[in-house]
Amino acid sequence: LAPGRPEQRSHDYVRHGTTSLFAALTFAAAGGAAAAPPADSADDIVVTARASGAPIWEVTDGERRLILVGALRGIPKDVAWSPAGLERAVRRADRVLYPIEPKVSVGDVFRLLFRSGKVTRLPKGQTAADYLPPELYGRLSRLLQDKGEEDWQQRSPVLLSFRLLTREAGFRGRGRDLADIVGDEAKRAKVPGRPVGSIRGKDVIDTLMAQPPRAYARCIAASVDAAEAGPEGFVARGRAWADRDIPALIANPLDRALGLCWPWADPAIGPRLKTTWTDAIRMALRQPGTTLAVAPVRLLAEPGGVLDTLASAGLSISGPAWRPDR
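On a predicted model such as this, the values are computed, not experimentally measured, just so you know.

1. Notes on the packing of helix α2 (residues 84-92) against helix α7 (residues 178-189)
Interhelical geometry of α2 versus α7 gives an angle of 45 degrees and a closest axis separation of 9 Å. Judged by the angle between their axes, α2 and α7 are oblique. As α2 packs across α7, the resulting crossing turns out to be right-handed. Taken together, the residues of α7 that come into contact with α2 (itself represented by Leu86, Glu87, Val90 and Arg91) are Leu178, Ile181, Val182, Glu185, Ala186, Arg188 and Ala189. Of the residues assigned to the contact of α2 with α7, the class counts are 7 nonpolar, no polar and 4 charged.

2. Structural notes on the nonpolar core
The biggest cluster of nonpolar side chains holds 65 residues, and the ones touching the most others in it are Leu66, Leu68, Leu178, Val182, Trp241 and Leu292. A per-element tally of this core places helix α13 (residues 269-284) first, with 6 residues. When near neighbours in sequence (up to four residues on either side) are disregarded, leucine 68 contacts Pro55, Ile56, Trp57, Val59, Ala293, Leu300 and Val306. Core analysis: the next-biggest nonpolar cluster, separate from the first, contains 16 residues, Leu140, Leu143, Leu160 and Ile220 among them.

3. Regarding the packing of helix α5 (residues 134-144) against helix α9 (residues 217-229)
For the pair α5 and α9, the least separation of the axes is 10 Å and the interaxial angle reads 45 degrees. Put simply, α5 runs oblique to α9. The interaxial crossing formed by α5 with α9 has left-handed handedness. Taken together, the residues of α9 that come into contact with α5 (itself represented by Leu136, Arg139, Leu140 and Leu143) are Ala217, Ile220, Ala221, Val224, Asp225, Ala227 and Glu228. Looking at side-chain class alone, the contact of α5 with α9 contains 8 nonpolar, no polar and 3 charged residues.

4. A closer look at the pattern of salt bridges
For the structure shown, the criterion picks out 14 salt bridges. Between aspartate 151 and arginine 121 there is a salt bridge, with the nearest N and O atoms lying 3.4 Å from each other. Separated by 30 residues along the polypeptide, aspartate 151 in the loop between α5 and α6 (157-168) and arginine 121 in the loop between α4 (116-120) and α5 bring together distant segments of the chain. We classify aspartate 151 as buried; its relative accessible area is 15%. A relative accessible area of 29% means that arginine 121 is categorised as partly exposed. One connected set of salt bridges, linked through shared partners, spans Glu135, Arg139, Asp225 and Glu228.

Cut-offs applied
- Residues numbered from 1 in each chain as written.
- Predicted model: local features only at pLDDT ≥ 70, side-chain atom pairs only at ≥ 80, totals over all residues.
- Heavy atoms only, no water.
- Axes fitted to C-alpha atoms, helices over the stretch in contact; angles between N-to-C directions.
- Helix = DSSP H or I, 4+ residues; strand = E, 2+ residues; numbered from the N terminus.
- Parallel < 35°, antiparallel > 145°, perpendicular 65-115°, else oblique.
- Left-handed = near helix turned anticlockwise from the far one by under 90°.
- Contact = heavy atoms within 4.5 Å.
- Nonpolar A, V, L, I, M, F, W, Y, C, P; charged D, E, K, R; others polar.
- Core = buried A, V, L, I, M, F, W, Y, C linked by side-chain atoms within 4.5 Å.
- Buried < 20%, exposed > 50% of the residue type's maximum accessible area, 1.4 Å probe, protein only.
- Salt bridge = Lys/Arg side-chain N within 4 Å of Asp/Glu carboxyl O.

Right, here's the structure in full:
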């Protein structure tokens, strides 16, 4: 919180909260939520990996091919990786599917500003102790009690999780995304592309305000785990991705927390994002030629994700191992 008069601190808090929420909306849409294609969408599928810092799987069904790029939001600057294989994959594609696009209007901005109190703070008279188990509340208190933020107990769990993941766990979501690299190469190679879908800011805001604080208890628990691990977890996450050590990436406390927090685990937004990706992948496998899709690596490789579904269908898969037992 900024120093100064109480009314100034309140204004800064609201401004910071609303800015964080719209940044999260962009983050949510950029990452999207991937889901597996139906088992009957392809008969003989072979998956191979291309040499690149980014994990890449190629799905082949006769003359039809789908290249899945495992994207990561927030790659540390000191983590070296080569985009050469990714750029080669783009040049082989006939079309590109980009992440879900946010549709935020001016009306959405004013709507969030006018109702920011309901989004950024708990209902009057409630604190974090009302929706968190005592043991978890104690761990959270130990993390924040010396930070000079006396009102953290009244913050909404969404903003509280952002606070833990960015300041304590060191997460930095800014920087150049894989979608930007793919887009630049696609432009040079004149490969057409489109987002897999879009999501309205109004829908996200409505869902955000409708969820009770207790629905975010798992998110706060995972965020506390990531915060206790410290900023080293952010760097380890990026290195695991660049090394294509997918089991280590999936097990990383920070990456796990990002998958369990808003909007990924939101009961209304999450299924919509997954359905959007499911439909896009199904259509891509029916199109001639090669389609390249930039999808979140966790939602490709997490338990029950795209790669698990392909394996359970009895399909042959080669490339970066995504489970310790493979």
